[in-house]
Amino acid sequence: MPDLLTDVRYIKGIGEQRARSLNKLNIHTLRDLISYFPRSYDDRRSFRKIGELADGETACVEAMAAGAPTLSRVRKGMELVKVRVVDETGALELTFFNQPYRQNSIRAGETYTFFGKAEGAGRKKFMTNPVVEREGEREVTGRLMPVYPLTAGIGQLTLARAVAQGLAACRDLLPDPLPDEVRRAHHLCHTGYAYDQIHFPASEEELAIARRRLAFEELFLLAIGMKRLRRRRDALSCAPWPDTELADFYEKLPFALTGAQRRSIEEILADFSAGRPMNRLVQGDVGSGKTMVAAAAMVCAARNGKQSALMAPTEILAEQHYRGLSPLLEGLGVPCALLTGGMPAKARRETLARLASGEARAAIGTHALLSEGAAFHSLGLVVTDEQHRFGVAQRSALSAKGEHPHLLVMSATPIPRTLALIIYGDLDVSVIDQLPPGRQKIDTFAVPGSYRQRIYRFLEKEIAAGRQAYIICSMVGEGDAPPDDRKAVTEYAKTLQEQVFPALRVACVHGRMKPREKEAAMSAFAAGEVHILVSTTVVEVGVDVPNATVMVVEDADRFGLSQLHQLRGRVGRGAHKSFCILVSDNRSEEARARLKVMTATGDGFRIAEEDLRLRGPGDFFGQRQHGLPALKTADLSCDAALLKEAQEAAEALLAADPALKDHPLTAQRVEELFAAGGDALN
Ligand code: ADP
Ligand code: MG
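Now for a description of the structure that goes with this document. (Residues numbered from 1 in each chain as written. Chains lettered and ligands numbered in written order. Predicted model: local features only at pLDDT ≥ 70, side-chain atom pairs only at ≥ 80, totals over all residues. Heavy atoms only, no water.)

**Some thoughts on the packing of helix H10 (residues 290-303) against helix H11 (residues 315-331)**
(1) Moving on: At a minimum axis distance of 11 Å, the contact between H10 and H11 shows a crossing angle of 45 degrees. It follows that H10 is oblique to H11 by the angle criterion. Every pair of crossing elements has a handedness; the one defined by H10 and H11 is right-handed. Contacts between H10 and H11 pair Thr291, Met292, Ala295 and Val299 from the former with His321, Leu325, Leu328 and Leu329 from the latter.
(2) Moving on: Considered class by class, the residues forming the contact of H10 with H11 number six nonpolar, two polar and no charged. (Axes fitted to C-alpha atoms, helices over the stretch in contact; angles between N-to-C directions. Helix = DSSP H or I, 4+ residues; strand = E, 2+ residues; numbered from the N terminus. Parallel < 35°, antiparallel > 145°, perpendicular 65-115°, else oblique. Left-handed = near helix turned anticlockwise from the far one by under 90°. Contact = heavy atoms within 4.5 Å. Nonpolar A, V, L, I, M, F, W, Y, C, P; charged D, E, K, R; others polar.)

**Things to note about the site of ligand 1**
(1) Moving on: Surveying the vicinity of ligand 1 reveals 16 residues, the closest of which are Gly287, Lys290, Thr291, Asp544 and Arg573.
(2) Moving on: Residue Gln261 places a side-chain N or O atom 2.9 Å away from a nitrogen atom belonging to ligand 1.
(3) Moving on: One nitrogen or oxygen atom from the main chain of Gly289 is found 3.0 Å from an oxygen atom belonging to ligand 1.
(4) Moving on: Across the shell around ligand 1, the residue classes tally to five nonpolar, six polar and five charged. (Near = heavy atom within 4 Å. Polar contact = N/O pair within 3.5 Å; in protein donor to acceptor, adjacent residues only side chain to side chain.)

**Brief notes about the sheet that holds strand S18 (residues 468-472)**
(1) Moving on: Within the open sheet, the six strands sit side by side as S17-S22-S21-S18-S20-S19. Their pairing is parallel. Edge positions in the open sheet fall to strand S17 (443-447) and strand S19 (506-509), since each of these has one partner strand only. Neighbour-to-neighbour, the strand axes of this sheet turn through a mean angle of 20 degrees, independent of strand direction.
(2) Moving on: The strands that helix H19 (residues 589-600) touches are S17 and strand S22 (579-583); relative to S17, the one it contacts most, it runs at about 160 degrees. (Pairing = 2+ DSSP bridges.)

**Some remarks on the sheet that holds strand S10 (residues 279-284)**
Hydrogen bonds along the backbone pair up the strands of a sheet, which may run parallel or antiparallel.
(1) Moving on: On the basis of which strands lie adjacent, the open sheet formed by seven strands has the order S12-S13-S11-S14-S15-S10-S16 and parallel pairing. For this open sheet the edge positions go to strand S12 (336-339) and strand S16 (428-432), each flanked by a neighbour on one side alone. With strand direction ignored, the average angle separating the axes of adjacent strands in the sheet is 20 degrees.
(2) Moving on: Here strand S11 (residues 307-311) runs beside strand S14 (residues 379-385); their pairing, made up of five bridges, is parallel. Looking at the pairing, Ser308 lines up with Leu381 of S14.
(3) Moving on: Across the sheet, H11 touches S11, S12, strand S13 (362-365) and S14, and the angle it forms with S12 is around 170 degrees.

**A look at the side chain of His199**
(1) Moving on: Assignment of secondary structure puts His199 in helix H6 (residues 191-199).
(2) Moving on: Take His199: its relative accessible area is 0%, and that puts it in the buried class.
(3) Moving on: For His199, the side chain forms a polar contact with the main-chain oxygen of Ile34, separated by 2.7 Å.
(4) Moving on: Filtering out sequence-adjacent residues up to four positions away, His199 remains in contact with Leu33, Ile34, Tyr36, Phe37, Pro38, Tyr41, Pro146, Tyr148, Val163 and Leu167. (Buried < 20%, exposed > 50% of the residue type's maximum accessible area, 1.4 Å probe, protein only.)

**Quick notes on the packing of aromatic side chains**
(1) Moving on: Here the structure, examined in full by the defined rule, presents nine aromatic pairs.
(2) Moving on: Taken together, a centroid distance of 5.9 Å and an interplanar angle of 50 degrees make the contact between Phe37 and Tyr195 tilted. Linking Phe37 in the loop between helix H2 (30-34) and strand S1 (40-43) with Tyr195 in helix H6, this pair joins segments that are 158 residues apart in sequence.
(3) Moving on: Given the relative accessible area of 14%, Phe37 is considered buried.
(4) Moving on: An angle of 80 degrees between the planes, with centres 5.5 Å apart, marks the rings of Tyr456 and Phe501 as edge-to-face. One end of the pair, Tyr456, is in helix H15 (residues 452-464); the other, Phe501, is in the loop between helix H16 (483-500) and S19, with 45 residues separating them in the sequence.
(5) Moving on: Among the residues examined, Tyr456 registers a relative accessible area of 6% and is labelled buried.
(6) Moving on: Using a relative accessible area of 1% as the deciding quantity, one classes Phe501 as buried.
(7) Moving on: Above the plane of the ring of Tyr250 lies Arg262, whose end atom (NZ or CZ) is 3.9 Å from the centre. (Phe/Tyr/Trp six-rings, centres within 6.5 Å; stacked < 30°, edge-to-face > 60°. Lys NZ or Arg CZ within 6 Å of the ring centre and 35° of its normal.)

**Considering the pattern of salt bridges**
(1) Moving on: As enumerated under the stated definition, the model contains 36 salt bridges in all.
(2) Moving on: With its nearest N and O atoms 3.4 Å apart, the salt bridge here joins Glu62 to Arg138. Residue Glu62 is found in strand S2 (residues 58-65), and its partner Arg138 is found in the loop between strand S8 (131-134) and strand S9 (144-147); the two are separated by 76 residues along the sequence.
(3) Moving on: A relative accessible area of 33% means that Glu62 is categorised as partly exposed.
(4) Moving on: Note that Lys227 is salt-bridged to Glu651, the shortest N-O span being 3.1 Å. Placement of Lys227 in helix H7 (residues 204-234) and of Glu651 in helix H21 (residues 640-656) is noted, with a sequence separation of 424 residues between them.
(5) Moving on: Assessed through its relative accessible area of 18%, Lys227 is described here as buried.
(6) Moving on: A single salt-bridge network, built from bridges that share partners, covers Asp7, Arg9 and Glu16. (Salt bridge = Lys/Arg side-chain N within 4 Å of Asp/Glu carboxyl O.)

**Remarks on the state of the cysteines**
(1) Moving on: In total, this model carries zero disulfides according to the counting rule given.
(2) Moving on: Looking at the unpaired Cys473, the closest cysteine sulfur is the one in Cys508, lying at 8.7 Å.
(3) Moving on: Taking the relative accessible area as the measure of exposure, Cys473 reaches 13% and is therefore buried. (Disulfide = S-S within 2.5 Å.)

The following block contains the structure:
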């Protein structure tokens, strides 16, 4: 008897050769096979009499071959089979290209179903390369056919047949991870039926029933998994931090914190004194001042005899945080240390020693903080900045360097509620929904490349007024930049310097530069010595130069909306009026609609919702990065109601059976789903 983990090659009717093709689609087990869902469906249900066929209509026709098919060879290698078929209303000429076997498979006087696109009118109607099926059979005609996402090497029909074989082998023994009572209470169909119908739906209605059930199942299992993690965490305890007085911190700041910043800090301090590890997300739009919230938490850690680590996704950002925070923190008696991958070996060794001895109380750095050599004396707080760049796994790798340290995640990516519930279901959330006072709206324009001279003149004007500008000219970020992208940035910078702005200072940064060069360019820009910074998207997150007022993005249509919003967030950080100019020659409807969202709103949440709607959740977040099981059926942009239902069902089940003792199948499936990133989530 096969089970769901049976290798596909042992499934009756599949065999070695087909199994190899399936493996290329990452289908190895029976479960992989039946869980390989169609991308869409080809509707082959409409039947027409030949006489009714309109020019251009796609339909099935039942008709008899009026004579034997003829084979002819035209040009080199091209074989044509032609046959005339008839019904009581008319005749249809069929042509098959390069399917010589049709000559023998279609017999005069026999009736078949043909599916294809009819052309012509009256007595001259024809169809090219129709699908052919013997009368009465309904495998490939007269129904909704699944259309699978495929790569070369395997055909739709082959896969559909393999899936059908797979379903036949396991339909009756499919375990149902949804408890019966949940299934009934939420009007969901049985699992076997759902799998059958998602592949070979009898009708749209039945497809919808199947989809709803499978989407519910995914969301339900995910919710169970997240809630269990949460419970496991809530069961942990740590000594409460007694000292949460920060009056001197507030006094040292050059500005008064906003109400939203204060509230977030209060929430964090309450967590610190609660006696169990904090898991908190601070979410705030670009420029809302998250860094100061982190700083407050880090000062508090030091006050309580603990070390803290702030991890940033890029060296530029880590260095900027270090430059900005260390004077403040050290002024409050908190020794700081910087740790990045690009540091000279000697400085690195010194930093590592200071972290291990506990002399450094606040570590600021990149992924280097995760490296094996980085050990802490008493790590009590982990802060990750711009979380969407880190996987859940990395978050917890850093946590593992302390004993259940408090965890603070800061994200500027405004995540639509539905997605946040899933991705951050295990975290408490503080929202900074207020910008520091005096910020002005960033005027945003979408213009074609022909405006470039006008843009340059505008830059000159702003720079003459004492301001600075960014020009982003490559969509490729750090790490995966092909060599010519670096070239694009350096050459563009060179051209601008020599031919357009000889009197100004132009510098460039890209991901392939040596850390020290990058640092030099960034700090020259931050110090106002460089007027125009030409860059790849390495400046996308977090970079803070309040004097910069113009952000020009070349080929803006190539960026995601949330990314553009991040880029735009690099300006408008000081008291000066700021501008964002999105340059694009892409005239397509879609590109224009997207850029229009940017010019119409500065609200990061609205932009994120639009981004989700336009691109789907996979792209939105780089699904794999957050380390959660990918969703196959659930569509986060429109299944919000279903998500709520699934969450409530999960809550109810866990309330009744916290350890899932009476629901071993559910427990097992959750374990499996979380297995890949599972430990990481603890
Ligand atoms: P983000 O939330 O994008 O990380 P930052 O923490 O980088 O924002 O803050 C953006 C800018 O606003 C910084 O220059 C910071 O010094 C400044 N800032 C932060 N809080 C305030 C405040 N309450 N009042 C005035 N300026 C502030
Ligand atoms: Mg930031």
